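Listed here are the chains, written in short residue letters.
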Amino acid sequence: MTRLQIILSVTLPSLLLHAQNSRGVYGDAALDSLLRHGIDLTLQHDYDSARSVFRIVTQKYPDDPAGFVFEVGVIQTMAMDYEEFIPGPEFDSLMMLAKAKGESAIGRHPQSGWLHLLLGTALGNEAFTRAQGGDWFAAATLGMSSASSFETALELDSTLVDALAGIGTFYYWKTRRIQFLTWLPFVPDRREEGISLLRRCMDQGVYNRFAAMSSLVGIYNDSEEYESSVEVANRALSRYPRNRIFLWGLATALERGQRPTEAIDAYRRLLEAITNDARSNRYNELVCRLKLLTLNMAMNKREGASSALAEILPLTKDPFPEHLAERAHLTIGRIRVLEKELMGSVKP
């Protein structure tokens, strides 16, 4: 995709006064347009252009956290898409700036619900990064602070439906992680409440609609509500048909929901999206092709399985990055077993 080129013909103020209209949208039309455009580019996987947009926000609104917060989100989405570790010092600095700018701006405008929403997002981003690094205590602490900021945002401005994405996600996964304690009176089960809040954000949100959909797909797959997962994934894919994150969710739901023919079609769509990307994503391609091999064999489609095997074997020859090496080793081991089964050396 062609790199984004934007020419701004007006000089924007260095600090937005954080007015929202009745729909919970940033009151400054120029900034609102930039945010929406950057989110749209992110969902199209045009990560470099999305980061360029949010850097324009940072340049034009240097005291506002929005540009920093949304650029952090782009980097995290890209890392998830490509199965990468989130970058080190540069990313950490950006993440800390997002949080510091949010806290500083709230000090100047304590009644701005939007600023509390942005701070909640910044804290949630940091919680995600800590969890990825294995620091679960810090992740849990930051997650609680993030949810608290989102709740404050809604108390200050009930139109900020986007805050429900963070609250709903927190409510579900907090309960899920301590599910064995929910019989205690002080540990309520808030999973259904979390799902309800996420669905409201999906229907009414402005900036976090697709973030809410992504959370819902993961949650529905986790709770084995596969029909609901398919519904939400297809809704997102109707707008972004080549979005790899939603294609993964759809294919997973169809496979686990015992719909193998449709699952094969979904994995083929995903494989096309992976292989047509300008950037190589060999590990995800390996896993996707393994899914196609497994499904074809389960359905006794020998021709389809043989084709899938022939296409997957070249991907197993070169080493994978250190952080993927163990997972790749297990995946390749599974491929070798299926290869023997298919060739008749080992009976299924």
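About the cut-offs
- Residues numbered from 1 in each chain as written.
- Predicted model: local features only at pLDDT ≥ 70, side-chain atom pairs only at ≥ 80, totals over all residues.
- Heavy atoms only, no water.
- Helix = DSSP H or I, 4+ residues; strand = E, 2+ residues; numbered from the N terminus.
- Buried < 20%, exposed > 50% of the residue type's maximum accessible area, 1.4 Å probe, protein only.
- Contact = heavy atoms within 4.5 Å.
- Areas by Shrake-Rupley, 256 points an atom, 1.4 Å probe, with all protein chains shown as cover.
- Expected span 1.5 Å × (residues − 1).
- Core = buried A, V, L, I, M, F, W, Y, C linked by side-chain atoms within 4.5 Å.
- Salt bridge = Lys/Arg side-chain N within 4 Å of Asp/Glu carboxyl O.
- Phe/Tyr/Trp six-rings, centres within 6.5 Å; stacked < 30°, edge-to-face > 60°.
- Lys NZ or Arg CZ within 6 Å of the ring centre and 35° of its normal.
- Axes fitted to C-alpha atoms, helices over the stretch in contact; angles between N-to-C directions.
- Parallel < 35°, antiparallel > 145°, perpendicular 65-115°, else oblique.
- Left-handed = near helix turned anticlockwise from the far one by under 90°.
- Nonpolar A, V, L, I, M, F, W, Y, C, P; charged D, E, K, R; others polar.

A look at the overall build of the chain
Secondary structure summary: the chain contains 15 helices and 0 strands in total. Here the chain holds 348 residues, and the buried ones make up 49% of them. Of all intrachain contacts in the chain linking residues separated by at least 6 positions in sequence, the fraction that spans at least 24 positions is 61%. Accessible surface, the chain as shown: approximately 17200 Å² in total, 53% of it carbon and sulfur.

Digging into unusual backbone geometry
Here the phi dihedral of E83 falls at roughly 55°; this positive angle occurs in a residue that is not glycine. In this structure, E83 sits in the loop between helix 3 (66-81) and helix 4 (89-108). With a relative accessible area of 23%, E83 lands in the partly exposed category. We note that Q258 has phi near 60°; this positive angle belongs to a residue other than glycine. On the secondary structure map, Q258 appears in the loop between helix 11 (244-256) and helix 12 (260-275).

Notes on helix 2 (residues 47-60)
Between its terminal C-alpha atoms helix 2 stretches 20 Å, which fits the 20 Å expected from 14 residues at 1.5 Å a residue. Y47, S49, A50, R51, V53, F54, I56, V57 and T58 are the residues of helix 2 that are buried. In the core, the buried residues of helix 2 are packed alongside helix 1 (29-43), helix 3, helix 4 and helix 11.

Let's talk about the environment of A139
Along the chain, A139 turns up in helix 6 (residues 136-156). A139 gets classed as buried once you look at its relative accessible area, which sits at 10%. Each C-alpha atom of the pair A139 and G124 lies 8.5 Å from the other, and the pair is 15 residues apart in sequence. In this structure A139 touches A127, R130 and A131, once residues within four positions along its chain are discounted.

Examining the nonpolar core
Judged by nonpolar contacts, the single largest core of 108 residues is most densely connected at L35, F246, Y267 and L293. In this structure F246 touches L43, F210, M213, S214, V217, A233, A236 and L237, once residues within four positions along its chain are discounted.

Regarding the pattern of salt bridges
This structure, assessed with the given rule, holds 21 salt bridges. Across the salt bridge formed by E126 and K99, the nearest N and O atoms sit 3.0 Å from each other. On the criterion of sequence distance, the pair formed by E126 in helix 5 (residues 113-132) and K99 in helix 4 is long-range, its members being 27 residues apart. Take E126 and K99: they sit in the same class, and that class is buried. A salt bridge links D265 to R268, with the shortest nitrogen-to-oxygen separation between them at 3.9 Å. One end of the pair, D265, and the other, R268, are both in helix 12, 3 residues apart, so they sit about a helical turn from each other. Using a relative accessible area of 41% as the deciding quantity, one classes D265 as partly exposed.

A few points about the packing of aromatic side chains
With the rule as written, the count across this model stands at 7 aromatic pairs. Both rings, one in F54 and one in F70, keep their centres 5.3 Å apart while their planes meet at 25°; by these two values the pair is stacked. Placement of the pair is F54 in helix 2 and F70 in helix 3, with a sequence separation of 16 residues. F70 shares its class with F54; the two are buried. Look at Y172 and W173: their rings are 5.0 Å apart centre to centre, the planes differ by 85°, and that puts the pair in the edge-to-face class. The class for W173 is partly exposed, based on a relative accessible area of 24%. Its end group placed over the ring of Y171, R190 keeps NZ or CZ at 3.8 Å from the ring centre. The ring of Y240 has R239 lying over it, and the distance from NZ or CZ to the ring centre is 4.4 Å.

Structural notes on the packing of helix 11 against helix 12
Taken N-terminus to C-terminus, the directions of helix 11 and helix 12 make an angle of 160°; their axes are 8 Å apart at the nearest point. The pairing of helix 11 with helix 12 is recorded here as roughly antiparallel in orientation. Every pair of crossing elements has a handedness; the one defined by helix 11 and helix 12 is left-handed. Listed contacts from helix 12 to R244, L247, W248, L250, A251, T252, L254 and E255 of helix 11 are E262, A263, A266, Y267, R269, L270, A273 and I274. When the residues that make up the contact of helix 11 with helix 12 are grouped by side-chain class, the tally is 11 nonpolar, 1 polar and 4 charged.

With respect to the environment of G249
Positionally, G249 belongs in helix 11. Each C-alpha atom, one on G249 and one on L216, is 9.8 Å from the other, the two residues being 33 residues apart in sequence. Excluding anything up to four places from it in sequence, G249 contacts V217, N221 and S229.

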